[in-house]
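# Commentary on secondary and tertiary structure
Below, each chain spelled out in residue letters.
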Amino acid sequence: KPLTSQLRSRGGKDYVSYIQQLLECRLNDNNTVFRSNKYQVLLFNSLEEMLAEIKQRDQNVGLSRLVAGYSWPWISKNSPNLKDIQIDNLELQWNSVNEDWVNSANALNEVGCIHTTQGYDLNYAGVIFGKEISYDDEKNETIILTQNYHDRNGRTGVKDAAELKDFIVNIYQTLMLRAIQGTYVYVCDEKLR
């Protein structure tokens, strides 16, 4: 029998549709909140609280990790004592290993990116929307702040701003669909939040 679907999320097609509409700014007043008795989606105002919840979920069901868009340079790659990400009072590092990061010893205390989570199913994903993605309320659309996008490899082959926007929005869509049981979200940009 041919494979017709490879959907990891218990939120199902409704959740996939919701994420697409959300990231394309097509939600209306009737569907701004995703509701499901099979899948949990929460927006956090505190990254510290989201990290605590991810750690609790990891203790309870395993494979719960923080992931983010590439909004911070990877300075710890060459200087392991430095922190890459600082949000409020919390300092974090990008993944310390490239291969099998999700299962590595320190993964719960680090942040994975699109590259290190590719092909993995998490139980819960804590997705950090970085400072490279914002919102224009007059146009009702997401916008990209290219000066805050730090994935050098991600720009390879990208021809213009519209293509980069599609690429970055796709990254967040992929991260939002990475988990089986639930997705937690922290948004750095106030307008986007």
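Presented here is an overview of the structure given in this document. Residue numbers restart at each chain and count upward from 1, following the sequence in its written direction. Local features in this predicted model are restricted to residues whose pLDDT is 70 or higher, and side-chain atom pairs enter the listing and the counts only when it is 80 or higher, whereas totals over whole chains, interfaces and linings include all residues. Working from all heavy atoms in the structure, the side-chain values ignore hydrogens and water.

## Thoughts on the sheet that holds strand β9 (residues 179–187)
- Any two strands between which DSSP finds at least two bridges are classified as paired. What counts as a helix is a DSSP run of H or I of at least four residues, what counts as a strand is a run of E of at least two, and both are numbered from the N terminus. The mixed open sheet is built from seven strands, whose spatial order is β1-β9-β6-β2-β5-β4-β3. Every interior strand has two partners, whereas the edge strands, β1 (40–44) and β3 (85–87), have only one. Each strand of the sheet is rotated relative to its neighbour by a mean of 35°, with strand direction disregarded.
- Pairing of strand β4 (residues 90–94) with strand β5 (residues 110–112), which is carried by two bridges, proceeds in the parallel orientation. Counterpart to Gln93 in the pairing with β5 is Glu110.
- Against the sheet, helix α2 (residues 47–61) contacts β1, β2 (64–68), β3, β4, β6 (122–129) and β9, and its axis sits at roughly 170° relative to β6. To define axes, lines are fitted to C-alpha atoms, for helices over the stretch in contact only, and angles between the resulting N-to-C directions are given on a 0 to 180 degree scale. Note on contacts: a residue pair qualifies if any of its non-hydrogen atoms lie within 4.5 Å across the two residues.

## Some thoughts on unusual backbone geometry
- Even without a glycine there, the phi angle at Leu63 is positive, about 40°.
- Within the element layout of this structure, Leu63 appears in the loop between α2 and β2.
- Partly exposed residues are those whose accessible area sits between 20% and 50% of the maximum for their type, while under 20% is buried and over 50% is exposed, using a 1.4 Å probe and protein chains only. The partly exposed category is assigned to Leu63, whose relative accessible area is 29%.

## Things to note about the layout of surface pockets
- Counted as a void, the largest pocket has a volume near 610 Å³.
- For cavity detection a 1 Å grid was placed over the protein atoms alone, and a set of points counts as a cavity when a 1.4 Å probe fits there but cannot get out; an open set counts as a pocket when protein lies on both sides within 12 Å along at least five of seven lines, with lining residues being those that have an atom within 4 Å of a point. In this structure, the largest pocket is lined by 23 residues; those nearest its centre are Tyr18, Leu22, Leu27, Leu192 and Arg193.
- Contributions of two or more residues to the lining of the largest pocket are made by α1 (12–23), β1 and β9.
- For the lining of the largest pocket, the element with the highest residue contribution is α1, accounting for four residues.
- Ten residue types, Ala, Val, Leu, Ile, Met, Phe, Trp, Tyr, Cys and Pro, are classed as nonpolar, four, Asp, Glu, Lys and Arg, as charged, and the remainder, Gly among them, as polar. Tallied by class, residues from the lining of the largest pocket come to 17 nonpolar, three polar and three charged.
- Grid points are joined across faces, edges and corners, and a volume is the space filled by probe spheres set on the points. A volume near 300 Å³ is recorded for the second largest pocket.
- Considering the residues around the second largest pocket, the lining is formed by 13 residues, among which Tyr70, Trp74, Asp151, Arg152 and Asn153 are closest to the centre.
- The class makeup of the residues in the lining of the second largest pocket is four nonpolar, six polar and three charged.

## Details of the pattern of salt bridges
- Salt bridges, as used here, are contacts in which a Lys or Arg side-chain nitrogen is within 4 Å of a carboxyl oxygen on Asp or Glu. A complete count under the given rule lists three salt bridges for this structure.
- Arg26 is the salt-bridge partner of Glu24, the closest N and O atoms lying 2.7 Å from each other.
- The class for Arg26 is partly exposed, based on a relative accessible area of 48%.
- Between Arg57 and Glu53 there is a salt bridge whose closest N-O contact spans 3.3 Å. Note that Arg57 and Glu53 are positioned in helix α2 at a spacing of four residues, about one turn of the helix.

## So, the packing of α1 against helix α3 (residues 161–176)
- Between α1 and α3, the shortest axis-to-axis distance is 10 Å and the interhelical angle comes to 150°. Our classification of the angle between α1 and α3 gives roughly antiparallel. The handedness of the crossing between α1 and α3 is right-handed. Taking contact as the criterion, the partners of Tyr15, Ile19, Gln20 and Leu23 in α1 are, on α3, Val169, Tyr172, Gln173 and Met176.
- Class assignment of the residues belonging to the contact of α1 with α3 gives a composition of six nonpolar, two polar and no charged. Every angle not falling under 35 degrees, over 145, or within 65 to 115 is termed oblique; those three ranges are roughly parallel, roughly antiparallel and roughly perpendicular. Crossings are assigned a handedness: left-handed for a near helix turned anticlockwise from the far helix by less than a right angle, right-handed for a clockwise turn.

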